[in-house]
Amino acid sequence: MRLAGIVLGLALLALPAAAQSTKDMLDSDQPIEINADSLEVQQDQQLAVFRGNVDASQGRIKLKANELRVHYADGESGGADGLSGSIRRIDAVGEVFIWSPTETAQGDLGIYDVGAKQITLTGAVVLTRGQNVLRGKRLVMNTETGVSRMDAGGGRVKGLFVPPKKGQSQ
């Protein structure tokens, strides 16, 4: 997976914990734009770090975080930019906020493990869709199966589900 997976993978965090096809949300053909205060590439560690006011977007999906760490596969950097190789893991760190036209997700840390096809969002996790809100400490989503699990780290997961008003469709 190339750099295009940054927003693509993390954007899946915006999906609610309900069963919904993640493949329907993906559009990997869209260009990705990343803006940050700085970029540091550490070739010896196969790591590229975007720091400060990170904004990333792909199509209609957006991501904000304090820092974005892109870990690429050993010996596959290929290009002078250090980003031409396969991406193995992406970490969005600090005040992570992801949104699409219909959902938002926020937390303290987002991790996309490309090989495991798994996204984890931790911290004070809040998922919203319209007036519906889910809260917990950890959300884990399998991007291949679409199965999600939220837990509250010893507490309780909280959900608020608002039914549509009469005459309104969802």
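Residues numbered from 1 in each chain as written. Predicted model: local features only at pLDDT ≥ 70, side-chain atom pairs only at ≥ 80, totals over all residues. Heavy atoms only, no water.

## Concerning the overall build of the protein
Right, so step 1: A tally of regular secondary structure across the protein gives one helix and 10 strands.
Right, so step 2: Counting from the amino terminus, helix and strand elements in the protein follow one another as α-β-β-β-β-β-β-β-β-β-β.
Right, so step 3: Relative to its full complement of 170 residues, the protein shows a buried share of 41%.
Right, so step 4: Counted over contacts in the protein with a minimum sequence separation of 6, partners at least 24 positions apart contribute 47%.
Right, so step 5: Of the roughly 9,300 Å² of accessible surface on the protein, 47% is carried by carbon and sulfur atoms. (Helix = DSSP H or I, 4+ residues; strand = E, 2+ residues; numbered from the N terminus. Buried < 20%, exposed > 50% of the residue type's maximum accessible area, 1.4 Å probe, protein only. Contact = heavy atoms within 4.5 Å. Areas by Shrake-Rupley, 256 points an atom, 1.4 Å probe, with all protein chains shown as cover.)

## What to know about unusual backbone geometry
Right, so step 1: The phi torsion at Glu 95 lies on the positive side, around 50°, for a residue other than glycine.
Right, so step 2: The topology assignment puts Glu 95 in strand β5 (residues 87-99).
Right, so step 3: A relative accessible area of 63% places Glu 95 in the exposed class.
Right, so step 4: The phi torsion at Lys 117 lies on the positive side, around 55°, for a residue other than glycine.
Right, so step 5: Turning to its location among the elements, Lys 117 is positioned in the loop between β6 (103-113) and β7 (118-129).
Right, so step 6: With a relative accessible area of 35%, Lys 117 lands in the partly exposed category.

## Quick look at the pattern of salt bridges
Right, so step 1: Scanning all chains against the criterion turns up seven salt bridges.
Right, so step 2: The closest approach of N and O atoms between Arg 51 and Glu 40, which form a salt bridge, is 2.9 Å. Remark: Glu 40 occurs in strand β2 (residues 38-42) and Arg 51 occurs in strand β3 (residues 47-58); sequence separation between them is 11 residues.
Right, so step 3: With a closest N to O distance of 2.7 Å, Arg 89 and Asp 91 form a salt bridge.
Right, so step 4: We classify Asp 91 as buried; its relative accessible area is 5%.
Right, so step 5: Here the residues in one salt-bridge network are Glu 40, Arg 51, Glu 67 and Arg 69, joined through shared partners. (Salt bridge = Lys/Arg side-chain N within 4 Å of Asp/Glu carboxyl O.)

## Regarding the side chain of His 71
Right, so step 1: Along the chain, His 71 falls in strand β4 (residues 61-72).
Right, so step 2: A relative accessible area of 16% means that His 71 is categorised as buried.
Right, so step 3: Within the structure, the side chain of His 71 is placed 3.1 Å from the side chain of Asp 91, a separation counted as a polar contact.
Right, so step 4: Setting aside anything within four residues of it in sequence, one finds His 71 in contact with Gln 46, Leu 47, Ser 86, Ile 87, Arg 88, Arg 89 and Asp 91. (Polar contact = N/O pair within 3.5 Å; in protein donor to acceptor, adjacent residues only side chain to side chain.)

## Observations regarding the confidence of the model for the protein
Note: predicted coordinates in regions of low pLDDT should not be interpreted at a detailed level.
Right, so step 1: Mean pLDDT for the protein: 78, with 74% of residues reaching 70 or above.
Right, so step 2: Taken element by element, the protein is modelled with least confidence in helix α1 (residues 5-11), mean pLDDT 38, and with most confidence in β2, mean pLDDT 95.
Right, so step 3: Confidence drops under pLDDT 50 across residues 1-24; counting only partners more than four residues distant or on other chains, this segment forms 84 contacts.
Right, so step 4: In this model residues 76-84 is a low-confidence stretch, pLDDT under 50, and it forms 20 contacts with partners more than four residues away in sequence or in other chains. (pLDDT = per-residue confidence, 0-100.)

## Focus: the environment of Thr 143
Right, so step 1: Examined against the element boundaries, Thr 143 turns out to sit in the loop between β8 (132-142) and β9 (148-151).
Right, so step 2: For Thr 143, a relative accessible area of 9% translates into the label buried.
Right, so step 3: Spatially, the C-alpha atom of Thr 143 lies 5.4 Å from that of Lys 117, the residues being 26 residues apart in sequence.

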